[in-house]
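Topology and contacts: notes
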Amino acid sequence: MVEMGRIESLFLYLVIYITSAYFMSKSNVIEKKKPDIYMIVAVLLPVLLAAKRYYVGTDYESYYYMYRRMSRTSFRTWVANEMSLEGTPFGIWFVARIAFQFRSYEMFYGLLAAIIYVPTALVLKKQYPKDISFLAILMLLTGQFTTGFNITKQVAAVVMLIAGLQYVHERKFWKFALFLFLAFCFHPSALIAAPIYFLWKPKDAAFSFKRTVFILGCIVFINFLPQFLTALGGRFESYTAYTDEISNRSFYMNAGWVVFFFLMRRKYIEFDKRNDLYVTMVLIGLILNVSGFSSPYVKRIAMYYSFPQSFLIFQIPYLFDTEEKPLFKALVFIYTIAMFVINFYVLEFSDIIPYAYGGV
């Protein structure tokens with residue numbers, strides 16, 4: 001095993017992420033409907049980074065043993081022993097079985113990384129102008145992709161929702177339901193995102209009756225969350241018994257962003273009507289984030305509603321005059337890099353630094 005220094009590890013991540021985001025933004029894969037050299041390089045760099053790592057990420061070991069166990073488990077055995085809320089999700093079993101054909105646990109980590117990165121990057125390229133796709137993809141890599149080194153199953157579920165969100169705007173229920181099912185195949189908690197489809201219609205008011213009812217329902221849900229988890233039992237009940245010190249620092253930063261989004265809501269909607277839904281979702285995500293004051297595990301359910309926060313941040317340059325766009329693009333870039341450094345280098349989230357590779 002080769003373990004890099006902390007500074008070298010940080011430099012490695014940033015170089016790979018910035019290079020990958022740049023090449024993906026330059027790719028014409030959407031226009032030509034087939035991969036080009038830019039996309040191949042953009043995908044290979046972060047996927048190999050994830051695949052070749054060794055004991056990098058808080059849950060690295062648990063996923064390694066999950067691979068060892070699931071790679072030799074038949075579908076019939078999986079149905080008999082794992083098909084429950086506490087069992088190994090179908091998506092993880094399926095990826096493990098594919099990786100086992102190559103007899104490679106690195107393939108297992110690489111495939112999961114590709115699932116997290118590729119569909120979301122393509123959706124961002126398709127839905128946003130080229131001049132901000134670099135920022136969009138960089139935020140994906142420094143955010144969800146890196147978090148996936150730890151809570152892989154839940155991040156995979158979130159990116160399935162990102163890919164399916166376009167069908168909420170197009171009002172194609174069954175296609176959205178398909179992506180919700182794919183999200184469920186990686187983490188059963190993804191079902192909490194089902195109401196997203198009903199939160200938005202093109203002509204909805206900012207706080208329509210159904211939105212207001214759902215937001216109030218979230219507040220009630222948070223108040224009775226311990227009782228709800230206790231009723232589910234098993235590992236869910238243990239989430240309510242978290243006794244370590246909890247700071248939930250992200251709540252305060254997210255609250256600041258929510259205030260900004262609502263102040264700029266009119267401009268956001270003028271640029272893209274889909275932002276109406278995104279602003280509502282991050283508000284709901286903030287409410288669910290309150291659960292982080294009692295348990296960081298329960299707090300993760302907020303991910304299913306808070307992920308559009310990055311969409312709203314990388315669109316900030318479009319809220320201002322043309323001559324001011326370069327300045328705000330630079331500020332968003334600096335913010336993205338700074339948050340990565342603070343979260344993963346200074347605060348050591350997910351234990352991704354130092355980076356190590358090579359196995360035993």
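What counts and how
- Residues numbered from 1 in each chain as written.
- Predicted model: local features only at pLDDT ≥ 70, side-chain atom pairs only at ≥ 80, totals over all residues.
- Heavy atoms only, no water.
- Helix = DSSP H or I, 4+ residues; strand = E, 2+ residues; numbered from the N terminus.
- Buried < 20%, exposed > 50% of the residue type's maximum accessible area, 1.4 Å probe, protein only.
- Contact = heavy atoms within 4.5 Å.
- Areas by Shrake-Rupley, 256 points an atom, 1.4 Å probe, with all protein chains shown as cover.
- Phe/Tyr/Trp six-rings, centres within 6.5 Å; stacked < 30°, edge-to-face > 60°.

So, the overall build of the protein chain
Per the secondary structure count, the protein chain includes 21 helices and two strands. In the protein chain, which comprises 360 residues, the proportion classed as buried is 52%. Taking the intrachain contacts of the protein chain between residues at least 6 apart in sequence as the baseline, contacts between residues at least 24 apart amount to 74%. On the protein chain, roughly 17000 Å² of surface is accessible, and the fraction owed to carbon and sulfur atoms is 65%.

Thoughts on the side chain of Ser-350
With respect to the element layout, Ser-350 can be found in the loop between helix H21 (325-346) and strand S2 (356-357). When neighbours within four sequence positions are excluded, Ser-350 is seen to be in contact with Gly-57, Thr-58, Thr-147, Asn-150 and Phe-344.

Here's the deal with unusual backbone geometry
For the peptide bond that leads from Ile-353 to Pro-354, omega is 10°, which places it in the cis range. If you trace the backbone, Pro-354 turns up in the loop between H21 and S2. One non-glycine residue, Tyr-55, lies in positive phi territory at about 55°. By secondary structure assignment, the location of Tyr-55 is in the loop between helix H3 (37-52) and helix H4 (60-70). A residue is classified by how much of its surface remains accessible, and Tyr-55, at 41% relative accessible area, is partly exposed. With a phi angle near 55°, Asp-351 is a residue other than glycine that sits in the positive phi range. With respect to the element layout, Asp-351 can be found in the loop between H21 and S2. Note on Asp-351: relative accessible area 41%, which makes it partly exposed.

Some thoughts on the packing of aromatic side chains
Applying the stated rule across the entire model yields 48 aromatic pairs. A ring pair is formed by Tyr-17 and Phe-340, whose centres lie 5.8 Å apart and whose planes are at 80°; its orientation type is edge-to-face. With Tyr-17 in helix H1 (residues 6-26) and Phe-340 in helix H21, this residue pair connects regions lying 323 residues apart in the sequence. For Tyr-17, a relative accessible area of 0% translates into the label buried. Phe-340 gets classed as buried once you look at its relative accessible area, which sits at 1%. Both rings, one in Phe-173 and one in Tyr-197, keep their centres 5.2 Å apart while their planes meet at 80°; by these two values the pair is edge-to-face. Note that Phe-173 is positioned in helix H11 (residues 173-186) and Tyr-197 in the loop between H11 and helix H12 (209-223), a separation of 24 residues in sequence.

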